[in-house]
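# Analysis of the macromolecular model
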Amino acid sequence: MKTSLFVPVATMTISALLCASCGSKKPKTGTPEDTQDTETSSEQTQAESQIVRWLGEEAAREVTDAGKEMAMTLAEKTVESEKVQEAIGDLISNVFKQKDVKKKIDKISDEATSGVKNKLTLLGKAIASGGVSDYKKKVKTRGTAVAKEILEERIKNELIKDERMKIVIKKLMPMLKIQGQLATATIQGNMSPKVSQKLFAITLNLAVKGSSEETADKVEEWIKNCEGSAEKEMVRLLKQMGKLKSLQKSMRSLAVDVLTHPRMTDELAQMTLRILDDDDAYDAAIDAYKAVAMDKDEDLIHERMEVLFQLPVIDDEIFNTLNVLAEAEGANAIMEENLSKVSQDEKMAEILEEFLVSLLETCGELNIR
């Protein structure tokens, strides 16, 4: 179950990251005085505020959809980390050490290998492998490897596209909303001259002196012209973000913090028990365990595992657990603490500036009537 819980977490963090990065230090290419050469009218200030607010809201909306591919790539790189692998191993070990889980697994093991013939076969394989203890480790390792392969495919092709994933992400929207508001205030006071100049030229064209209502209408019309462009630019931005060493490092740190949190062990243990309380899942688990324990060929083991992981109860419990973890006290704080380091990365500031300028240019400095 290890990857099934981490990949969605990666997806959610991208949303938080973009909002947080809006407040990062912007590269300076000139002096503040260079950004405008005429007095700014109240209507122009209104237009600027409206566009900046839209940028924040649009980014938060689009990143949820556009960030899935990046999240998968980040997840794969993160899971390859030695520290993350160690944390995953400890997590799985701790889950199976839980008294109730161990009792349930032992029962499955006994039923899977019941009967004199099975016991003798198992004993022979254990002796050949250097003892019962070593053979149990071999069974566990082989079973985990097949399960991981199946889960990764299902996550990539099914779970990440499931409508229930949107519900999980929405659990974090209160945090995104707060960060978005802060980002709006910050970006207005700390935009680079390059972005400020571009925005000044656009708002000068959109502002209708003496009429806030007409100004708002013109800005809305301008924003409509950006529809479609924002998503395209967002995809490009996310690809650049995914290459940042600071982001990859923060994701590894975040994964370790999440995987080693006591709440994770408790929730995974409860999830495992709920799954195995389902009659179909219990029977499928026995069949899968038997195939691995009896050292059957890879195709048969894979087939038995597929039966287990395709049961509706698996997906239901995964999403149930994700929702609980997303709402857990301290979840937002863990994400913010790890991702705040990325927001201070100068390279992040540079690609964010490039994104803003490119988006504004794509929308165009239109003379809207």
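For the structure, see preceding data.
Residues numbered from 1 in each chain as written. Predicted model: local features only at pLDDT ≥ 70, side-chain atom pairs only at ≥ 80, totals over all residues. Heavy atoms only, no water.

Inspection of the secondary structure puts Gln248 in helix H13 (residues 245-259). Gln248 gets classed as buried once you look at its relative accessible area, which sits at 11%. Aside from chain neighbours lying at most four places away, what touches Gln248 is Leu74, Lys77, Gly242 and Lys243. (Helix = DSSP H or I, 4+ residues; strand = E, 2+ residues; numbered from the N terminus. Buried < 20%, exposed > 50% of the residue type's maximum accessible area, 1.4 Å probe, protein only. Contact = heavy atoms within 4.5 Å.)

On to a nonpolar patch on the surface, then. A contiguous nonpolar patch, built from Val116, Leu120, Leu123 and Ile127 and spanning about 440 Å² of accessible area, is present on the exposed surface. Looking at where Ile127 falls in the secondary structure, it is placed in helix H6 (residues 116-128). (Patch = residues over 30% accessible without salt bridge, like charges linked within 9 Å, V, L, I, M, F, W, Y side chains within 5 Å. Areas by Shrake-Rupley, 256 points an atom, 1.4 Å probe, with all protein chains shown as cover. Salt bridge = Lys/Arg side-chain N within 4 Å of Asp/Glu carboxyl O.)

Next up on the list: the pattern of salt bridges. Counted by the stated rule, this structure contains ten salt bridges. The salt bridge involving Arg164 is made with Asp316; its shortest N-O contact spans 2.7 Å. Taken together, the residues Arg164 in helix H8 (residues 163-170) and Asp316 in helix H17 (residues 312-327) connect sequence positions 152 residues apart. On the accessibility criterion, Arg164 (27% relative accessible area) is partly exposed. Using a relative accessible area of 40% as the deciding quantity, one classes Asp316 as partly exposed. A salt bridge links Glu317 to Arg274, with the nearest nitrogen and oxygen atoms 2.5 Å apart. Remark: Arg274 occurs in helix H14 (residues 262-276) and Glu317 occurs in helix H17; sequence separation between them is 43 residues. Beyond isolated ion pairs, a larger network of salt bridges with shared partners links Arg142, Asp295 and Glu298.

Viewed as axis vectors pointing N to C, helix H4 (residues 82-97) and H13 meet at an angle of 15°, and their least axial separation amounts to 9 Å. What the angle tells us is that H4 and H13 run roughly parallel. Here H4 runs over H13; the crossing is left-handed. Taken together, the residues of H13 that come into contact with H4 (itself represented by Lys83, Val84, Ala87, Ile88 and Leu91) are Arg252, Ala255, Val256 and Leu259. Here the contact of H4 with H13 is built from residues that sort into seven nonpolar, no polar and two charged. (Axes fitted to C-alpha atoms, helices over the stretch in contact; angles between N-to-C directions. Parallel < 35°, antiparallel > 145°, perpendicular 65-115°, else oblique. Left-handed = near helix turned anticlockwise from the far one by under 90°. Nonpolar A, V, L, I, M, F, W, Y, C, P; charged D, E, K, R; others polar.)

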